[in-house]
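Here's the letter readout for the chains.
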Amino acid sequence: MHLSRFPRVFLAHLPTPLERMDRLSEALGIDLWIKRDDCTGMSTGGNKTRKLEFLFGEALDQGADMVMTQGATQSNHARQTAAFAARLGLKCHVLLEDRTSYNNANYNNNGNVLLDHLHGATTEKFPGGHDMPAEMERAAQKKRDDGHTVYVIPGGGSNPTGALGYVNCALELVCQANNANLKIDRVVHATGSSGTQAGLVTGLCAMNTGIPVLGIGTRAPQPKQEQMVYDLACKTAEKLGCPGVVQREDVMANTDYVGEGYGLPTESGIEAIRMFAELEGILLDPVYSAKGAAGLIDLARKGTFKDERVVFLHTGGSVGLFGYDFAFDHADRWVNL
Ligand SMILES: *Cc1c(COP(=O)(O)O)cnc(C)c1O
């Protein structure tokens, strides 16, 4: 758990606040706290910032002058990677996969895409279902042939290096809870490429906290999601020097809130966005945090978290709202008094 052994750039705004949500707690009948990883900094923040501290640490260590990564059109990971590259003076190229087939102008040019470009990154588009890791290797080789030293970051920054960022988050969260004499019964968050959950679970297990983590799926079906998280958690534990610390049953994902598919807004997600925005002034995003919150809300209403103090890890993503404005009907907010 001695993270200083690993190369890292210190750009995140840490520790992120741990805040009680009074109005949501009352509405949901649980003791709800939010770990504000939407406030990590770097082009509005989000969960990728913690991972990128370690990934860019490694990139600089290897003498990279360029980074490459991939994601969906409205990838938060792409935007935060572009911001890190700008800050550290590296070139950045991003391969974007069209997973939704939206023709919408805001989806394709606003939100995260606008920020990718403002940070100086170049982007390249591919159809949904394309072999993106293979495409990225091809693109990286091309740039290497041009004389660049390219550091390739996997989608979502989810490898053992990136997951160290969430081992660090586990340390930070437990420290905050201990200092505030706050017993945490459960952590809930949106899970996708799996690095966030893998890092958290590894950190919480290595510290023997007994705090369960529930990932709410945003893409893959449950067996695949849990296997991805478990595999990465095992590799992360090995990297940390504590192999075997994570058991298969420590990895829990509920994938009932994905809806039609990745990046496609759901009714329960839209309701979650409205609830968090109206009751607490907190912004979620339709692709990840809203689906995570939809799971939190539904399970709370069903009594799954009865008498529990639940920490919702807010993974960020609100910039995506500006690429998804079409998903919200808000004409009734214009009034004449
Ligand atoms: C990437 C992302 C997630 C999922 O995190 P993973 O580490 O990929 O599982 C959740 N929420 C937001 C806003 C994200 O951008």
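These figures come from a predicted structure and were not determined experimentally.

Cut-off values and rules
Residues numbered from 1 in each chain as written. Predicted model: local features only at pLDDT ≥ 70, side-chain atom pairs only at ≥ 80, totals over all residues. Heavy atoms only, no water. Helix = DSSP H or I, 4+ residues; strand = E, 2+ residues; numbered from the N terminus. Expected span 1.5 Å × (residues − 1). Buried < 20%, exposed > 50% of the residue type's maximum accessible area, 1.4 Å probe, protein only. Contact = heavy atoms within 4.5 Å. Near = heavy atom within 4 Å. Areas by Shrake-Rupley, 256 points an atom, 1.4 Å probe, with all protein chains shown as cover. Nonpolar A, V, L, I, M, F, W, Y, C, P; charged D, E, K, R; others polar. Domains from an automatic or database assignment. UniProt positions renumbered as here; feature names shortened; annotations may be inferred. Pairing = 2+ DSSP bridges. Axes fitted to C-alpha atoms, helices over the stretch in contact; angles between N-to-C directions. Salt bridge = Lys/Arg side-chain N within 4 Å of Asp/Glu carboxyl O. Parallel < 35°, antiparallel > 145°, perpendicular 65-115°, else oblique. Left-handed = near helix turned anticlockwise from the far one by under 90°.

1. So, helix H3 (residues 76–88)
In step 1: Compared with an ideal rise of 1.5 Å per residue, which puts 13 residues at 18 Å, H3 spans 18 Å between its outermost C-alpha atoms and is within 8% of the ideal.
In step 2: Counting buried residues in H3 gives 10 out of 13 residues, a clear majority hidden from the surface.
In step 3: If you check which residues of H3 are buried, you get Asn-76, His-77, Ala-78, Arg-79, Gln-80, Thr-81, Ala-82, Ala-83, Phe-84 and Ala-85.
In step 4: For H3, the secondary structure elements touched by its buried residues are helix H2 (48–61), strand E3 (66–72), strand E4 (91–98) and helix H5 (112–118).
In step 5: One or two steps after H3, the chain reaches Gly-89, where phi turns positive at roughly 75°.

2. A short note on the site of the ligand
In step 1: Neighbouring the ligand are 17 residues; Lys-48, Lys-51, Ser-193, Thr-196 and Thr-315 lie closest to it.
In step 2: Relative to its unbound accessible surface of 380 Å², the ligand loses 98% to contact with the protein.
In step 3: In terms of residue class, the shell around the ligand is built from two nonpolar, 12 polar and three charged.
In step 4: Two domains each donate at least three residues to the shell around the ligand, and these are domain 1 (18–46 + 159–332) and domain 2 (47–153).

3. Section: the UniProt feature "active site" (unreviewed entry) in the protein
In step 1: Cross-referencing UniProt, the feature "active site" (unreviewed entry) maps to Ser-75 in the present numbering.
In step 2: Turning to its location among the elements, Ser-75 is positioned in the loop between E3 and H3.
In step 3: With relative accessibility at 6%, the residue Ser-75 sits in the buried group.

4. So, the sheet that holds E4
In step 1: Overall, parallel pairing links the four strands, which are arranged E5-E4-E3-E6 in an open sheet. Where the open sheet ends on each side, the last strands, each with one partner, are strand E5 (122–127) and strand E6 (150–152). Strand-to-strand, the axes of this sheet are offset by a mean angle of 25°, without reference to chain direction.
In step 2: Two elements, E3 and E6, share three bridges in a ladder whose sense is parallel. Following the sheet pairing, Met-68 is matched in E6 by Val-152.
In step 3: In the packing of helix H6 (residues 132–145) onto the sheet, the strands contacted are E3, E4, E5 and E6, and the crossing angle to E3 comes to about 160°.

5. Details of the pattern of salt bridges
In step 1: Applying the stated rule across the entire model yields 21 salt bridges.
In step 2: In this structure, the salt-bridge partner of Arg-99 is Glu-97, at a minimum N-O distance of 3.2 Å.
In step 3: Residue classification places Arg-99 among the partly exposed positions, given a relative accessible area of 22%.
In step 4: Given the relative accessible area of 6%, Glu-97 is considered buried.

6. What to know about the sheet that holds strand E9 (residues 252–254)
The strands that make up a sheet pair up through hydrogen bonds in the backbone, lying either parallel or antiparallel.
In step 1: Strand order in this open sheet of six strands is E1-E2-E10-E7-E8-E9, and the pairing throughout is mixed. What marks the edges here is a single partner per strand, and that holds for strand E1 (18–20) and E9. If you compare each strand with its neighbour and ignore which way they point, the axes differ by 30° on average.
In step 2: Strand direction decides the pairing type here: strand E7 (residues 186–191) and strand E10 (residues 309–313), joined by three bridges, are parallel.

7. Some remarks on the packing of H2 against H3
In step 1: One can describe the packing of H2 onto H3 by two numbers: an axis separation of 10 Å at closest approach and a directional angle of 45°. As summarised for this structure, H2 and H3 are arranged oblique, according to the angle between their axes. For H2 against H3, the interelement crossing comes out right-handed. Contacts between H2 and H3 involve Lys-48, Thr-49, Leu-52, Glu-53, Phe-56 and Leu-60 from the former and Asn-76, His-77, Gln-80, Thr-81, Phe-84, Ala-85 and Leu-88 from the latter.
In step 2: In the contact of H2 with H3, the residues fall into six nonpolar, five polar and two charged.

8. Brief notes about the packing of helix H7 (residues 160–179) against helix H8 (residues 195–206)
In step 1: Contact pair H7 / H8: the axes reach a minimum separation of 7 Å and the direction vectors enclose 50°. Here H7 lies oblique to H8, going by the angle between them. You can see that H7 and H8 cross each other, and the crossing is right-handed. Touching Ala-163, Tyr-166, Val-167, Cys-169, Ala-170 and Val-174 of H7 are Gly-195, Thr-196, Gly-199, Leu-200, Thr-202, Gly-203 and Leu-204, all from H8.

9. Side note on the environment of Leu-164
In step 1: Following the sequence through the fold, Leu-164 ends up in helix H7.
In step 2: Given a relative accessible area of 0%, Leu-164 falls into the buried group.
In step 3: When the C-alpha positions of Leu-164 and Thr-304 are compared, they lie 30 Å apart, and in sequence the two are 140 residues distant.
In step 4: Leaving out residues up to four positions away in the same chain, Leu-164 has contacts with Leu-3, Phe-6, Phe-54, Lys-239 and Leu-240.

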